[in-house]
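# Architecture at a glance
Residue-level listing of the chains:
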Amino acid sequence: MNGAQSLLETFVTAGIDVCFTNPGTSEMHFVAALDKQPGMRAVLGLFEGVVTGAADGYARMAGKPACTLLHLGPGLANGLANLHNARRARSPIVNVVGEHATYHRALDAPLNSDIHGFAGPVSAWIRTSESASTVAGDAAAAVQAALTPPGQIATLVLPADTAWNEASGGADALEIPGLTAADPGAVDGAIAALRSGETCALLLGGTAVTDAALRLASRIGRKTGARVIGDTFLARIGRGAGRVDLPRLPYFAEQAEEALAGVRHLILVDTKAPVSFFAYPGQASELTPKGCEVHTLSRPGEDCIPALEALVEAVGAGAVDPQLSEHAPPRLPSGPLTPETIGQAVGALLPEQAILMNEAVTSGFALPGMTAQAAPHDWLELTGGAIGLGLPAAVGAAVACPDRRVLALQADGSAMYTIQSLWTMARENLDVTVVLFANRKYAILQVEFMRVGAENPGPKAMDMLDLSRPDLDFVHLAKGMGVTAVRATDAKSFNDALADSFATPGPYLIETVL
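Definitions and limits used
- Residues numbered from 1 in each chain as written.
- Predicted model: local features only at pLDDT ≥ 70, side-chain atom pairs only at ≥ 80, totals over all residues.
- Heavy atoms only, no water.
- Helix = DSSP H or I, 4+ residues; strand = E, 2+ residues; numbered from the N terminus.
- Rg over C-alpha atoms; globule rule 2.2 N^0.38 Å.
- Buried < 20%, exposed > 50% of the residue type's maximum accessible area, 1.4 Å probe, protein only.
- Contact = heavy atoms within 4.5 Å.
- Areas by Shrake-Rupley, 256 points an atom, 1.4 Å probe, with all protein chains shown as cover.
- Salt bridge = Lys/Arg side-chain N within 4 Å of Asp/Glu carboxyl O.
- Pairing = 2+ DSSP bridges.
- Axes fitted to C-alpha atoms, helices over the stretch in contact; angles between N-to-C directions.
- Parallel < 35°, antiparallel > 145°, perpendicular 65-115°, else oblique.
- Left-handed = near helix turned anticlockwise from the far one by under 90°.
- Polar contact = N/O pair within 3.5 Å; in protein donor to acceptor, adjacent residues only side chain to side chain.

What follows deals with the overall build of the protein chain. What the protein chain contains, in helices and strands, is 21 helices and 19 strands. The C-alpha radius of gyration of the protein chain comes to 24 Å, within 12% of the 24 Å expected for a compact globule of 514 residues. Dimensions of the protein chain along its principal axes, counting C-alpha atoms only, are 65 × 60 × 50 Å. Within the protein chain, the fraction of its 514 residues that count as buried is 53%. Taking all contacts inside the protein chain whose residues are at least 6 apart in sequence as the whole, residues at least 24 apart take part in 80%. Roughly 20,500 Å² of accessible area belongs to the protein chain as shown, and the carbon and sulfur atoms make up 53% of that amount.

Right, dumping it as structure tokens:
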């Protein structure tokens with residue numbers, strides 16, 4: 001058994017059974033080892049951003065890491081944007097990054113680079129295996145690090161000779177640390193705030209938006225009058241019929257300030273105090289209202305459920321029912337194709353237990369409201385702000401949950417960052433519907449241009465935010481990568497295409513020109 005084989009054996013023993021990969025020469029012994037390890041599924045991506053984004057989507061739905069296989073420092077660098085998103089989502093991922101053989105590194109070959117330097121900003125744990133004899137133990141430690149609450153990225157650097165040299169075998173899985181308890185003093189502080197008679201708000205993120213946590217928070221809000229609000233972007237949340245419909249902190253800073261206006265006590269549950277996404281001239285970056293006291297009930301890595309249960313008991317909310325959404329989907333729309341009619345159709349036709357990956361950006365404003373009373377589903381979002389996650393995350397979610405339909409709600413500009421995902425969807429025959437919002441511009445940047453106080457844009461400036469000349473043809477792009485694709489021109493044709501996509505196995509893209 002060589003080092004690469006011991007690595008895969010260790011991963012499978014630890015429960016990692018999917019590898020998203022874009023390998024190169026230094027990883028060929030890992031690739032060869034896949035043939036000898038039936039417990040590991042390998043999924044090829046044509047770009048490293050697809051690989052890392054798929055690992056993120058997989059982790060969010062599977063609740064455990066996939067591994068990635070990346071080629072040296074440049075391959076890792078190509079995947080950094082979606083590793084940034086994964087870090088913000090607290091997704092557990094184990095990266096395996098190939099490296100030159102230990103004796104070759106000193107020669108400074110053309111692909112030599114500072115892999116630790118690339119990996120550092122997105123990784124909580126980094127290690128280089130310097131010998132085939134240490135690979136298995138290092139792999140077990142990487143899995144342990146990735147699964148350490150609240151979920152982290154671990155990067156294992158594998159020099160080529162440690163992959164091909166002889167190793168003694170795989171390693172046993174290491175014990176995974178559990179969540180720690182919230183500070184009792186923090187719980188007491190939150191209780192005092194809720195009993196103060198002053199306006200309170202609970203701001204929820206991370207594990208505080210699981211179904212169990214949301215039901216507890218809803219009880220607290222209904223009993224005390226406290227506002228219950230979610231972070232602007234969440235890694236995963238259950239929505240639809242039978243679920244708590246969680247209002248979100250708005251994206252734009254002035255709207256977020258309005259949502260929090262008058263709050264005297266802000267109770268943070270598995271999140272941090274809110275800040276604006278960007279700085280704007282003359283506007284505050286910190287969104288906590290002046291005079292508001294901030295209480296941290298639980299931090300990332302702490303168990304928020306007992307803390308919320310203590311609040312429920314303290315305020316006498318145990319007998320209060322949480323407010324759950326009814327199943328009352330909208331009617332199928334008619335007339336022109338607009339963001340509103342698209343959202344209406346999605347809400348009307350959404351299958352039970354679908355997974356929505358939302359990267360619709362400006363075109364998706366109607367989707368949350370239109371799906372609030374749809375069939376129960378999971379909702380994933382762009383957590384780190386680095387666009388190009390939507391299509392890869394849909395790949396990963398579909399691999400993790402092959403019995404559920406995935407719906408990727410995708411803007412056209414960000415789709416082009418990782419359009420190669422369509423090929424992987426076709427190759428793996430994944431049940432993914434892509435609704436492609438083609439407004440042929442970076443619409444969010446047109447809004448932000450004005451909000452940052454830049455001068456009135458002229459034709460050269462606006463041209464940098466325009467995606468025409470030529471128009472992107474996503475139907476042909478999708479078909480060229482093996483995906484069934486149609487273009488919807490009005491509400492009826494979109495309704496028909498969406499229903500057909502949900503009934504058709506495999507990937508299906510619907511281009512909507514807005």
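The next subject is the pattern of salt bridges. Overall, the coordinates contain 15 salt bridges when judged by the stated rule. As a salt-bridge pair, Glu-130 and Arg-105 come within 2.8 Å of each other at their nearest N and O atoms. Linking Glu-130 in the loop between β5 (125-128) and α7 (132-147) with Arg-105 in the loop between β4 (93-99) and α6 (115-119), this pair joins segments that are 25 residues apart in sequence. Judged by its relative accessible area of 46%, Glu-130 falls in the partly exposed class. In this structure Arg-105 comes out as partly exposed when scored by relative accessible area, which is 23%. Of the charged contacts, one joins Asp-378 and Arg-236 as a salt bridge, the two residues approaching to 3.3 Å between their closest N and O atoms. With a gap of 142 residues between them, Asp-378 in strand β15 (residues 377-381) and Arg-236 in the loop between β9 (227-230) and β10 (237-239) connect regions that are remote in the sequence. Sharing partners across several salt bridges, the network here consists of Arg-236, Asp-378 and Arg-404.

Time to look at the sheet that holds β9. If you walk across this open sheet you meet the 4 strands as β9-β8-β11-β12, and the pairing is parallel. Bordering the open sheet on either side are β9 and β12 (293-298), each of which pairs with just one other strand. With direction set aside, neighbouring strand axes in the sheet form an average angle of 25°. Taken strand by strand, helix α12 (residues 304-314) contacts β8 (200-204), β11 (265-269) and β12, and its axis lies near 120° from that of β12.

By secondary structure assignment, the location of Val-18 is in strand β1 (residues 18-22). Val-18 sits 48 residues away from Ala-66 along the chain, and the two C-alpha atoms are 5.2 Å apart. Once residues lying within four places of it in the same chain are set aside, the contact partners of Val-18 are Met-40, Arg-41, Tyr-58, Ala-66, Cys-67 and Val-399.

The next subject is the packing of helix α15 (residues 390-400) against helix α17 (residues 421-428). The N-to-C vectors of α15 and α17 enclose an angle of 20°; their axes lie 9 Å apart at closest approach. As far as their axial angle goes, α17 and α15 are roughly parallel. At the point where α15 passes α17, the crossing takes the left-handed sense. Contacts from Leu-391, Pro-392, Ala-394 and Val-395 of α15 reach α17 at Ser-421, Thr-424 and Met-425.

Before going further, it helps to spend a moment on the side chain of His-295. Following the sequence through the fold, His-295 ends up in strand β12. Here His-265 takes part through its side chain, which lies 2.9 Å from a polar atom of the side chain of His-295.

Time to look at the sheet that holds β15. Note on sheets: strands pair through backbone hydrogen bonds, and any given pair is parallel or antiparallel. Read across the open sheet, the 7 strands follow the order β10-β15-β14-β16-β17-β19-β18; overall the sheet is mixed. With one partner strand each, in any of the chains shown, β10 and β18 (484-488) form the two edges of the open sheet. In this sheet, adjacent strand axes meet at a mean angle of 20° when their direction is disregarded. Where strand β17 (residues 432-438) lies against strand β19 (residues 508-513), 6 bridges are found, and the strand directions are parallel. What sits directly across from Leu-436, in β19, is Glu-511.

Take it as geometry only, folks, not as evidence of what the structure does.
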